[in-house]
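Chain residues, written in single-letter form:
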Amino acid sequence: MTIAAVEAVDIGKAYGGVAALTKASFTAQAGEVHALVGENGAGKSTLIKIMGGRVRPDSGEIRIGGQAVSLNGPQAAHHLGAWTVFQELTLLPWMTVAENLLLQQEPRSSLGLISRQATLRDADALLARYGVMHIDPRALVEDISLAERQTVEIVRAVSHAPKILFLDEPTSSLVEREVEWLFGQIRRLREQGCSIVFTSHRWAEIRSIADRITIFRGGADVGTFTDIDEDEAVRLMTGRRVEALYPPLTPRPAAAPVMLEARSLSGPNLRQVSFALHQGEVLGVGGLAGHGHRELFRTVFGDAHASGGTLTVQGKEKKFRSPRAAIASGIALVPEDRKTEGLLLRMSVRDNASLAILKRLTRFGILKPQEERRAAQHVVDSLRVRTAGIGLAVGALSGGNQQKVLLGRWLETECQILLLYDVTRGVDVATKHEIYELVASLARSGHAILFYSSDAEELAHLCHRVLVMREGVVAAELHAPGITAEDIVSAAVRDHRAA
Amino acid sequence: MPIPETILAASGPRRSRLSHALTQNIGLALVVALLVACIILYCGLYIATQHRLPGGYELTSTLNNTMPLAFAALAQTLVVLTRGIDLSVGGVIDLTNAVAALTLMGGPVSTTIWTIAILGIGALCGLLNGVLVAVGRLQPILVTLSTLSIFQGIAIKILPQPGGAMPPGFTGVLANPNVPLSLIYIPLIGILWAIFRRTRLGVSVFAIGNDAMAASSHGISVKRTTILAYMLGGVASACAGLFLAANATAGDATTGDTYTLTSIVAAVLGGVSLFGGRGSGLGALFGAFVTVMVVNILFFAHIDPLYQTFYEGLFLLAAVIAANVIGQIVRRRR
Amino acid sequence: MTIHATRRHLLQTAGLGLAAVPLMVARPSFAQSSGKTYKIALSNSYIGNKWRLEMENVFKAALAMDPFKTEVVGSIYNSGNDVSKQSQQMSNMIAERVDAIVIDAASPTALNGIIHQATSRGILVVSFDSGVTAPSAIKVNISQYDLGKGWAEWIVKQINGQGNVIMVTGVAGTEVDLDRNKGADSVWAQHPGIKVVNRFTGMWDSSTAERNTAAVLPSLPKIDAIWCQGGTDGVLKAFISANRPLPPTAGEAENGFRKMMLGIGGHTVTGYSAGSPPYLSLMALELARRILNGTYPKKNIDVPNVFLSNADLKLGVNVFADQPDSFFDDFTAGGPTSPVDICAQAAIDGSACTDQKLIINLPAA
Ligand SMILES: Nc1ncnc2c1ncn2[C@@H]1O[C@H](COP(=O)(O)OP(=O)(O)OP(=O)(O)O)[C@@H](O)[C@H]1O
Ligand SMILES: [Mg+2]
């Protein structure tokens, strides 16, 4: 282990005068799993984009196998055996999973043309080899869930037998079992001598898989460690101490009225789901990805139509034909995929933050600019969005900061019922802490919150009750206090274990 | 052998091939349905007013009149798929039509050579568009609007007076007035499209239309693909110019103008998404036939001339809305 | 009447889509009106201006008047400037087995293929206004060259061959514009005393002509005469706004121009008015009928130009106080011996004349 497999030396990168990276370095050996950690906007993704050949650095050096290299495109990196899964996924939405998996290396027929059959066959073989047969190679990427997209993206990178593999927040949209699967793949690659560099905001994961950790802060590395406890890491990342990650759970008032009630809600991937959400309550929804959470949230929000069952909002039965109708009834949804579902990436932070409250910000249809600015600034301040200014395009923010804008937008509304769908996805520890505080305080102030998370730990600490879904059915209902992440996971996978 | 923990799901539910094929090609399926409906309606009207079935003449003339639009729609599709738009389609048709009028008059050898040269002119026009868009990083709509005027200007310059006389052999092959020879061009376009779709270029065109950024991180050259797409579009526009000249038996440097708009209409009817990345040349081809069938239907419905365009617009609007609604229902129901 | 029935039916059933089919089928069609002798269809291209509207209106009115009412089943189609659409409509006419097609073409050459198909199937094709080059088509037109020349000759006489003239031309690149200018230039060439001090386009459109005239007027010396292809009233309005005296003006047949010739509105101009008459469609229709019934030889006709001076104008006959300035007064030539005599109502809304017979005099064969 004398020659490092991959090395970043004093990389600097600025976007229009704003430095994303100042002097960032790390070294990963062959057969090592190396974690890059840091706050949202610390520059992790920028560094990975540079290592993946997608962005040119302003200064510094990249060394692969001890040789300084100049990557003038992703293909140059591929030639050196370095493959990357970027944070903002790069699958093509209107093409099939198979086409995506085999892009640029499609099997040819004897005539030299791309063979669709062979493409499907090869894709199927790949999915089988990596044990992800639940993904249909014929499906359009647009139609599969975010977790599945992430999985496809990982399979694609891993299938090239990389010597170096960069994974930028690969677990942020995965649930426990999927994370286990990914770690299985990572371990296998590690045994084969591959060096894996990944980023994550989940400390437990980092601890369980990473051999070494490099901590970043404000565009530069502050140290590489083999053994470091969370508090210390957070202090290094943020420059301050985060006391307890989770706020204490305030018991919900006993006689709180029901704000939202579903009775035998059915639809695609949804069977006879019933629950009541009370004022001041955080009702968790957990389980493996693809078991109906997405559909449940979309149905409640009027974005998908239920084939059966009823929905009651504050005592009145409702049939939402569109999200507009749901919003009008006081329901807000923070969706999972910020890239396609929530944010207008080319528009400014200000425009995005104020989108949901345009009505309040306008008089006679004309926007009141100062109020818009004030509202946007409030979002930025209260969630500590790292941005050069509220006029910056949202697409230029780091992934976690985009997520904060999206969350903040909905919190500005006066909606009483909040549907939070995996809102801490890709958010750093310090901000997670703030979001938890926020959720708890929203509940205390009388909001009713339906809370889905792919992180069972989070559900266990934050929710009054947790519904665990399996195959579109509520498989278990757990009550606080005393919920543990293990309870949730085991309720979610009980059948799989039995099988 | 995979380690157990590396298996997430050893099997999974798979929807049938047919159901995938249908939902993923809903645009194409709908335009075919629309075309069939149009043909039935047309035949019904025809029989009711003429007391006989439409025959070889009707087929031949409809085919010959549609081929230029079919190629123009194909040209538009190639560009729209890259998330661009080509307003210069009409200009390229004008130009190639004018050159055809000036050059196509000799024997079969010279006609063949000039035909190839005219296709080359189309490619050059596309090259200019493509380079301006891809390398110059300019908006396709601005680039092609400007080149539209440029191509129109050159066309008028070289052929100020409409004229020329296409050799009968040329007309006989591209727009034979007596036998429905053009029928062979439909499967031909279909085959060419299928081949295109199965080349790396074809996949790249779709990929950059999906997400240029993502495509480039998989090593697809956005510049090269864009330029080639515009060039192929230019060649298809040149084909439209040639078929137009053949059908008219002469050239006119202004008759291509209307194709800019009608090519967009035909492509959209054919299920090509103006946001890029979705659609097929075959759909655009059928879309072209639908627009011509609409003219036929309105003809035999004997509508007040002042209302003909109104009904035509209404019909197209209804068709696009219906396609959209049905498409959404199909997608939702899965 | 077929046209109205159809329109009503379709309006009633608009939106019902396929449900409209039985109704449309129920209407009388060519094949059923067997009492009549000939089927003649008008294939027009562009319909976006007053001239084309009047041209189509008189055609429509004539179909409801004798002799066409009893002898001809007519139909009218517009295609915009889309040649492939016009070509497709003409193939449908061929399919419908019409006896004659009367066309105002979108392109001089682009319809040659379909015209050839029609004539080789024994269908008579008569073109007028925007002509075609197909040799097998019969052409009905005025001489644009003579029109331009006639205007110029009148000007020479008015100002005794001496003075400054402006030329307001038409849509550049069209044959009509070219021919009219050539006609004028041939006259100027023989009269060195005439100075064309400016030549600019009015696009055959009043407001464009007015704008362009107003733009050049300040730089111009005293103007002794105006030669104008179209938008004549606009040119004169620009002179009035600039407080310039109105010189003798040779121009088109716009109602606005003729009103000024009669002094309606306070300003009087000495004028000479003529143009491409909208009744060319009627000459073409009549020619088709006559050729079909064998009473006229199959040959092109040149429709004589009818120039009107101030003394020739009569309110309600060839000038109309209640019509807009953009109305073309030469939908009729006026009088039983003129090429065409038809009532104003026909040109205005396409309805048949109630108190007047339709007269169309083809030139002696
Ligand atoms: N294209 C761009 N234009 C302008 N600024 C950018 C651009 N891309 C990144 N930045 C800025 O660079 C900084 C670092 O962003 P980066 O995405 O690398 O952070 P990160 O560490 O990956 O954060 P996260 O954990 O939220 O994903 C951020 O402040 C971001 O706003
Ligand atoms: Mg990041």
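Before any of the text, the structure's been laid out above.
Procedures and definitions
- Residues numbered from 1 in each chain as written.
- Chains lettered and ligands numbered in written order.
- Predicted model: local features only at pLDDT ≥ 70, side-chain atom pairs only at ≥ 80, totals over all residues.
- Heavy atoms only, no water.
- Helix = DSSP H or I, 4+ residues; strand = E, 2+ residues; numbered from the N terminus.
- Rg over C-alpha atoms; globule rule 2.2 N^0.38 Å.
- Buried < 20%, exposed > 50% of the residue type's maximum accessible area, 1.4 Å probe, protein only.
- Contact = heavy atoms within 4.5 Å.
- Areas by Shrake-Rupley, 256 points an atom, 1.4 Å probe, with all protein chains shown as cover.
- Lys, Arg positive; Asp, Glu negative; His and termini not counted.
- Charge placed at Lys NZ, Arg CZ, Asp CG, Glu CD.
- Pairing = 2+ DSSP bridges.
- Right-handed = clockwise from strand over helix to strand, strands pointing away.
- Donors = N, O, S within 2.8 Å, 3.2 Å for Na, K, Ca; no water.
- Phe/Tyr/Trp six-rings, centres within 6.5 Å; stacked < 30°, edge-to-face > 60°.
- Patch = residues over 30% accessible without salt bridge, like charges linked within 9 Å, V, L, I, M, F, W, Y side chains within 5 Å.
- Salt bridge = Lys/Arg side-chain N within 4 Å of Asp/Glu carboxyl O.
- Buried area = accessible area lost by both parts, 1.4 Å probe.
- Polar contact = N/O pair within 3.5 Å; in protein donor to acceptor, adjacent residues only side chain to side chain.
- Nonpolar A, V, L, I, M, F, W, Y, C, P; charged D, E, K, R; others polar.
- Disulfide = S-S within 2.5 Å.
- Near = heavy atom within 4 Å.
- Core = buried A, V, L, I, M, F, W, Y, C linked by side-chain atoms within 4.5 Å.
- Domains from an automatic or database assignment.
- Axes fitted to C-alpha atoms, helices over the stretch in contact; angles between N-to-C directions.

*Asks:* Before we go on, may I ask you to explain the overall build of chain B in this structure?
*Replies:* Helix and strand counts for chain B stand at 13 helices and 0 strands. For chain B, the succession of helices and strands along the chain, N to C, is α-α-α-α-α-α-α-α-α-α-α-α-α. Against the compact-globule benchmark of 20 Å for 334 residues, chain B has a radius of gyration of 21 Å, which places it among compact chains. The C-alpha extent of chain B, read off along each of the three principal axes, is 75 × 50 × 35 Å. By residue count, 55% of the 334 residues in chain B fall in the buried class. Intrachain contacts of chain B at a sequence separation of at least 6 include 79% that bridge at least 24 residues. In the form shown here, chain B has an accessible surface area of approximately 13200 Å², with 74% of it arising from carbon and sulfur atoms. Side-chain charges of chain B comprise 17 positive and 9 negative groups, with the mean position of each set lying 17 Å from the other.

*Asks:* Would you explain the overall build of chain C in this entry?
*Replies:* Tallying secondary structure elements over chain C gives 13 helices and 14 strands in all. Taking 2.2 N^0.38 as the reference for a compact globule, 365 residues should give roughly 21 Å; the C-alpha atoms of chain C span a radius of gyration of 22 Å, in line with that estimate. Counting every position in chain C, which comprises 365 residues, the buried fraction comes to 57%. Long-range pairs, those at least 24 residues apart, make up 67% of the contacts in chain C between residues at least 6 apart in sequence. Total accessible area on chain C is roughly 13900 Å²; 53% of this is exposed by carbon and sulfur atoms. Across chain C, 31 positive and 31 negative side-chain charges occur, with their mean positions spaced 4 Å apart.

*Asks:* Before we go on, may I ask you to explain the pairing of strand S4 (residues 124-128) of chain C in this structure?
*Replies:* In regular strands, side chains alternate between the two faces of the sheet. Residues and elements named next belong to chain C. Most of S4 is tucked away: 5 of the 5 residues are buried. Of the two faces of S4, both are covered, the one formed by Leu124, Val126 and Phe128 as well as the one formed by Val125 and Ser127. Bridge count for strand S3 (residues 100-104) against S4 is 4 bridges, and the pairing is parallel. Bridge pairing links Val102 to Val126 in S4. As a crossover connection, the stretch from S3 through helix H6 (residues 112-120) into S4 is right-handed. Note that S4 and strand S5 (residues 138-142) share 3 bridges and pair parallel. If you follow Ser127 over to S5, its bridge partner there is Lys139.

*Asks:* Looking at this structure, how should I read the coordination of the magnesium ion (ligand 2)?
*Replies:* When a metal holds four donors in a tetrahedron, each ideal angle between them is 109.5 degrees; when it holds six in an octahedron, the ideal angles are 90 or 180 degrees. Residues and elements named next belong to chain A. In the first shell of the magnesium ion (ligand 2), the protein supplies Ser45 (OG) and Gln87 (OE1), at 1.9 to 2.0 Å from the metal. Taken as a pair, Ser45 in helix H1 (residues 44-51) and Gln87 in the loop between strand S6 (82-85) and helix H3 (97-101) lie far apart in primary sequence, 42 residues in all. Under the relative-accessibility criterion, Ser45 is labelled buried at 16%.

*Asks:* Would you mind going over the packing of aromatic side chains with me for this structure?
*Replies:* The relation between two aromatic rings is expressed through the spacing of the ring centres and the mutual angle of the planes. This model, assessed by the stated rule, comprises 20 aromatic pairs over all chains. Relative to Phe300(B), the ring of Tyr42(B) has its centre 5.9 Å away and its plane inclined at 65°; by these criteria the two rings are edge-to-face. With a gap of 258 residues between them, Tyr42(B) in helix H2 (residues 26-50) and Phe300(B) in helix H12 (residues 281-300) connect regions that are remote in the sequence. Of the residues examined, Tyr42(B) reaches a relative accessible area of 6% and is grouped as buried. In this structure Phe300(B) comes out as buried when scored by relative accessible area, which is 1%. Pairing Phe320(C) with Phe327(C) gives two aromatic rings, centres 6.0 Å apart and planes at 85°, and the pair type is edge-to-face. This pair shows no difference in class: Phe320(C) is buried, exactly as Phe327(C) is. Counting every residue linked through ring pairs, the aromatic cluster contains Tyr42(B), Tyr46(B), Phe299(B), Phe300(B) and Tyr77(C).

*Asks:* Is there a simple way to explain a negative patch on the surface in this structure?
*Replies:* Residues and elements named next belong to chain A. Taken together, the side chains of Glu176, Glu180, Glu457, Glu486 and Asp487 present a region of like negative charge at the surface. Elements supplying a minimum of two residues to the negative patch: helix H6 (176-191) and helix H18 (485-498). As for its position among the elements, Glu486 is in helix H18. Overall, Glu486 belongs to the exposed group, its relative accessible area being 57%.

*Asks:* Help me understand the interface of chain C and chain B, please; the structure alone is not making it clear to me.
*Replies:* How big an interface is tends to be stated in terms of accessible area lost as the parts join. Across the contact, 48 residues belong to chain C and 43 residues belong to chain B. In total, about 4000 Å² of surface goes out of reach between chain C and chain B, with carbon and sulfur atoms giving 58% of it. Between the two partners, chain C and chain B, sit 1 salt bridge. Where chain C packs against chain B, one counts 17 residue pairs in polar contact (both at pLDDT 80 or more). When residues in the side of chain C that touches chain B are grouped by element, the largest group, 11 residues, is from helix H5 (residues 83-95) of chain C. Along the lines of polarity and charge, the residues of the side of chain C that touches chain B split into 22 nonpolar, 16 polar and 10 charged.

*Asks:* Please explain the state of the cysteines as it appears in this structure.
*Replies:* Any covalent bond linking the sulfur atoms of two cysteines counts as a disulfide. Residues and elements named next belong to chain B. Within this structure, the stated rule accounts for 1 disulfide over all chains. Between Cys125, a cysteine without a disulfide, and Cys239, which holds the nearest cysteine sulfur, the sulfur-to-sulfur distance is 13 Å. The class for Cys125 is buried, based on a relative accessible area of 6%.

*Asks:* Sorry, what's going on with the interface of chain B and chain A here?
*Replies:* Taken together, the contact pairs 43 residues of chain B with 51 residues of chain A. Seen at the junction of chain B and chain A, the total is 2 salt bridges. When the shortest N-O distance is used, the salt bridge between Arg200(B) and Glu106(A) registers 3.3 Å. The interface formed by chain B and chain A holds 10 residue pairs in polar contact (both at pLDDT 80 or more) in total. Those elements that place two or more of their residues in the side of chain B that touches chain A are helix H1 (17-24), helix H8 (185-197), helix H9 (200-217) and helix H13 (308-333) of chain B. With 13 residues, the single largest contributor to the side of chain B that touches chain A is H9(B).

*Asks:* What's the story with the site of ligand 1 in this structure? I'm lost.
*Replies:* Residues and elements named next belong to chain A. Around ligand 1, a shell composed of 20 residues is seen, among which Gly41, Ser45, Thr46, Ser398 and Gly400 lie nearest. Separating an oxygen atom of ligand 1 from a backbone N or O atom of Ala42 is a distance of 3.2 Å. In the environment of ligand 1, an oxygen atom lies 2.5 Å from a nitrogen or oxygen atom belonging to the side chain of Thr46. For ligand 1, whose free accessible area comes to 630 Å², the fraction covered by protein is 88%. If you list the elements that add at least two residues to the shell around ligand 1, you get H1 and helix H15 (399-411). Of the residues that constitute the shell around ligand 1, the class distribution is 5 nonpolar, 11 polar and 4 charged.

*Asks:* Honestly, the nonpolar core in this entry has me stumped. Any pointers?
*Replies:* Taken as a class, soluble globular proteins show a tendency for nonpolar side chains to be buried jointly. Judged by nonpolar contacts, the single largest core of 131 residues is most densely connected at Phe275(A), Ile331(A) and Phe451(A). Looking at which element gives the most residues to this core, the answer is helix H5 (residues 146-158) of chain A, with 7 residues. Summarising the domain contributions, this core has at least three residues from each of domain 1 (6-238) and domain 2 (258-330 + 415-493) of chain A. Not counting residues up to four positions away in its chain, the partners in contact with Ile331(A) are Leu260(A), Val300(A), Phe301(A), Val313(A), Phe320(A), Ala326(A), Cys415(A), Ile417(A) and Leu419(A). Formed by 108 residues, the second largest nonpolar core is a distinct cluster that contains Met67(B), Ala75(B), Ala253(B) and Phe289(B).

*Asks:* Would you mind going over the side chain of Arg470(A) with me for this structure?
*Replies:* In this structure, Arg470(A) sits in strand S21 (residues 465-470). At 2.8 Å, the side chain of Arg470(A) forms a polar contact with the backbone oxygen of Ala491(A).

*Asks:* Could you clarify how one ought to interpret the sheet that holds strand S11 (residues 258-267) of chain A in this entry?
*Replies:* In a beta sheet, neighbouring strands are held together by backbone hydrogen bonds and run either parallel or antiparallel to one another. Residue and element names in this part refer to chain A. The strand order across the open sheet built from 4 strands is S12-S11-S14-S15, with neighbouring strands paired in antiparallel fashion. This sheet does not close on itself; its edge strands, each paired only once, are strand S12 (270-278) and strand S15 (316-318). Going from strand to strand, the sheet's axes swing by 20° on average, the running direction of each strand aside. As judged from the 3 bridges shared by strand S14 (residues 308-313) and S15, these two strands associate in the antiparallel manner. Residue pairing across strands places Leu311 opposite Lys318, the latter belonging to S15. Against the sheet, helix H9 (residues 293-300) engages S11, S12 and S14, with an angle of about 60° to S12.

*Asks:* Would you mind going over the pairing of strand S20 (residues 448-452) of chain A with me for this structure?
*Replies:* All names here are of chain A. Most of S20 is tucked away: 5 of the 5 residues are buried. Taking every second residue as pointing to the same face, both faces of S20 are buried, with Ala448, Leu450 and Tyr452 on one and Ile449 and Phe451 on the other. Both strand S13 (residues 282-286) and S20 contribute to a ladder of 4 bridges, which runs parallel. Within S20, the residue paired with Val282 across the bridge is Ile449. One ladder, built from 5 bridges, connects strand S19 (residues 417-421) with S20; its direction is parallel.

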